[in-house]
Amino acid sequence: MAPLEEVTGYVFRNAYHAYFYPFDKYFAPFVAAKEQKGRLFNYKERNDILPENNRGIILIPQILTNNSEAFIRTARGMQEYGYEEINLNLGCPSKTVVNGGRGSGFLQDREGLRKFLDKIFEQLDMKISIKTRLGRYDPEEIGPLMEIFNGYPLEELIIHPRVREDFYSGTPRLDAFSGAYEVRKAPLCYNGDIFTVEDLKRIEREFPQITAVMIGRGVLRHPGLTGQLHGKDLPEKSVWEAFAGQLRDEYVRISINEEKALFKLKEIWSYLRWSFPESNIWDRQMKVAGDLETFLYGMRNLLDTYDPEKIPEKRGIPGLHNR
Ligand SMILES: Cc1cc2nc3c(=O)[nH]c(=O)nc-3n(C[C@H](O)[C@H](O)[C@H](O)COP(=O)(O)O)c2cc1C
């Protein structure tokens, strides 16, 4: 499962894992490494990676930084929680992140990136994987970037074949991905726009040697997709009811008040609603709900429309907050 900040936190991951076809690995949304010494994780970041909140799943924490010392300190903090693999975020397109030379903004500083990787590989006794875009401005940047990545014993290289300037628009740039595929040394994982069985088949056909695919928005709008990809029928309504119930109970339990729980549930359901034929119930009863009770009433109405014979159409794939 791809990391999606504010969405695929531990509550969502656990509920998903309990009720839908499970992923082999779950990547946690990024922790921004703190440059000053002191507390490594804020309250939310710590909760998200605490082993007791992630029982029974393989979780790979992710770090966002261009500062090798901060990366090393944060990775060691994660190692103390028992994690053996850490993922470096070289994909985040958000303006503040990129302007700070982090995420996909780090991709344009290839000398800096090389020095950063030298240091972290030299000093850390952990598996390190990278999640990257093709470049900051131009998909051709992936050529020289692959020369850099190929110089290190990466546990896995995950490529989302867009450049930063694409954000989430257009379609993945498979030509440029193909260039990276040809020269890859590390196990290569494909990520981006897998929304249907056909989307996956195409990627597997064109790139038979990839070792994994990572899926984000595709399972948020259609959590039954992973089962479908493994030849299973869509889940029964009772599965959806139990899943929705767990999300509701857990967000209510961990939120400081009802308003926060409502906000969180709205965020999650803005994706999940696309699994239902009557998704306009979302617009009329859930999105506009002013309190939790009204929202949950709409949610039950939406769940009632569920039809396990109907595969969700390929729609509702917004650029999602421009992240
Ligand atoms: C709302 C949102 C939050 C995201 N947060 C992260 C993140 O924390 N770390 C990361 O590496 N990628 C993040 N991504 C990118 C996704 O992991 C993934 O690379 C991207 O959505 C493409 O895959 P998909 O088409 O399967 O969703 C985020 C994407 C979205 C839309």
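Residues numbered from 1 in each chain as written. Predicted model: local features only at pLDDT ≥ 70, side-chain atom pairs only at ≥ 80, totals over all residues. Heavy atoms only, no water.

**What to know about the overall build of the protein**
Within the protein, the regular secondary structure consists of 14 helices and 9 strands. For the protein, whose C-alpha radius of gyration is 20 Å, the value lies close to the compact-globule estimate of 20 Å for 323 residues. Based on the C-alpha atoms only, the size of the protein along its principal axes is roughly 55 × 45 × 35 Å. Residues classed as buried in the protein amount to 54% of the 323 residues present. Approximately 14900 Å² of the protein is accessible, and the part contributed by carbon and sulfur atoms is 47%. For the protein, the distance from the average position of its 45 positive side-chain charges to the average position of its 47 negative side-chain charges is 3 Å. (Helix = DSSP H or I, 4+ residues; strand = E, 2+ residues; numbered from the N terminus. Rg over C-alpha atoms; globule rule 2.2 N^0.38 Å. Buried < 20%, exposed > 50% of the residue type's maximum accessible area, 1.4 Å probe, protein only. Areas by Shrake-Rupley, 256 points an atom, 1.4 Å probe, with all protein chains shown as cover. Lys, Arg positive; Asp, Glu negative; His and termini not counted. Charge placed at Lys NZ, Arg CZ, Asp CG, Glu CD.)

**So, the side chain of Ser 129**
Topologically, Ser 129 is positioned in strand β6 (residues 127–135). Engagement of the side chain of Ser 129 in a polar contact is seen with the side chain of Asn 87, the distance being 2.9 Å. If sequence neighbours within four positions are ignored, Ser 129 has contacts with Phe 27, Ile 60, Glu 85, Ile 86, Asn 87, Leu 88, Glu 155 and Glu 156. (Polar contact = N/O pair within 3.5 Å; in protein donor to acceptor, adjacent residues only side chain to side chain. Contact = heavy atoms within 4.5 Å.)

**Concerning the site of the ligand**
Around the ligand, the structure places 20 residues, and the nearest of them are Pro 3, Gln 62, Asn 191, Asp 193 and Arg 217. In the environment of the ligand, an oxygen atom lies 2.8 Å from a nitrogen or oxygen atom belonging to the backbone of Pro 3. Within the complex, 97% of the 610 Å² of free accessible area of the ligand lies under protein. (Near = heavy atom within 4 Å.)

**Looking at the domain arrangement of the protein**
The domains assigned to the protein are domain 1 (10–229) and domain 2 (237–304). With 13 residues of domain 1 in contact, the opposing surface of domain 2 contributes 14 residues. Surface buried jointly by domain 1 and domain 2 totals about 1300 Å² across both partners, of which 74% is contributed by carbon and sulfur atoms. Applying the counting rule to domain 1 against domain 2 returns 1 residue pair in polar contact (both at pLDDT 80 or more). Top element by residues in the side of domain 1 that touches domain 2 is helix α1 (residues 10–19). It accounts for 8 residues. Split by residue class, the side of domain 1 that touches domain 2 holds 10 nonpolar, 2 polar and 1 charged. (Domains from an automatic or database assignment. Buried area = accessible area lost by both parts, 1.4 Å probe. Nonpolar A, V, L, I, M, F, W, Y, C, P; charged D, E, K, R; others polar.)

**Regarding the pairing of β6**
Counting buried residues in β6 gives 8 out of 9 residues, a clear majority hidden from the surface. Examined bridge by bridge, strand β5 (residues 85–90) and β6 share 6 bridges and lie parallel to one another. Each residue of the ladder has a partner; that of Asn 87, found in β6, is Ser 129. Where the polypeptide runs from β6 across helix α6 (residues 142–149) and back to strand β7 (residues 157–163), its parallel neighbour, the crossover connection is right-handed. (Pairing = 2+ DSSP bridges. Right-handed = clockwise from strand over helix to strand, strands pointing away.)

**Observations regarding the sheet that holds strand β4 (residues 62–64)**
Spatial strand order, β2-β4-β5-β6-β7-β8-β9: 7 strands in an open sheet with parallel pairing. The open sheet is flanked by β2 (31–32) and β9 (212–214), the only strands paired with a single partner.

**A look at the packing of aromatic side chains**
Inspection of every chain in the model, using the stated rule, returns 20 aromatic pairs. An angle of 40° between the planes, with centres 5.6 Å apart, marks the rings of Tyr 16 and Phe 23 as tilted. The same class applies to Tyr 16 as to Phe 23, namely buried. Taking 5.6 Å as the distance between ring centres and 80° as the angle between the ring planes, the aromatic pair formed by Trp 240 and Phe 243 counts as edge-to-face. Of this pair, Trp 240 and Phe 243 both sit in helix α11 (residues 237–254), 3 residues apart, which is roughly one turn of the helix. A residue is classified by how much of its surface remains accessible, and Phe 243, at 0% relative accessible area, is buried. (Phe/Tyr/Trp six-rings, centres within 6.5 Å; stacked < 30°, edge-to-face > 60°.)

**Considerations on the nonpolar core**
If you look at the biggest cluster of nonpolar residues, it comprises 97 residues, and the most contacted ones within it are Phe 12, Leu 117, Phe 149, Leu 247, Trp 269 and Phe 295. Counting contributing residues, this core receives three or more from each of domain 1 (10–229) and domain 2 (237–304). (Core = buried A, V, L, I, M, F, W, Y, C linked by side-chain atoms within 4.5 Å.)

**Thoughts on the UniProt feature "active site" (unreviewed entry) in the protein**
What UniProt calls "active site" (unreviewed entry) maps, in this numbering, to Cys 92. Inspection of the secondary structure puts Cys 92 in the loop between β5 and α4 (95–99). Here Cys 92 falls in the buried class, since its relative accessible area comes to 11%. Setting aside chain neighbours within four positions, we find Cys 92 in contact with Phe 30, Leu 64, Val 97, Val 98, Arg 102, Gly 103 and Ser 104. (UniProt positions renumbered as here; feature names shortened; annotations may be inferred.)

**Re the confidence of the model for the protein**
Here the protein shows a mean pLDDT of 95. Residues at 70 or above account for 97%. Confidence drops under pLDDT 50 across residues 319–323; counting only partners more than four residues distant or on other chains, this segment forms 11 contacts. (pLDDT = per-residue confidence, 0-100.)

**Remarks on the pairing of β7**
Counting buried positions over the 7 residues of β7 gives 7, a clear majority of the element. Taking every second residue as pointing to the same face, both faces of β7 are buried, with Leu 157, Ile 159, Pro 161 and Val 163 on one and Ile 158, His 160 and Arg 162 on the other. Direction of pairing for β6 relative to β7: parallel, over a ladder of 5 bridges. Bridge pairing in β7 places Arg 133 opposite His 160. Bridge count between β7 and strand β8 (residues 188–191): 3 bridges; the pairing is parallel. Its bridge partner being in β8, Ile 158 is matched across the sheet by Cys 189. Taken together, β7, helix α7 (residues 174–183) and β8 form a β-α-β motif whose crossover is right-handed.

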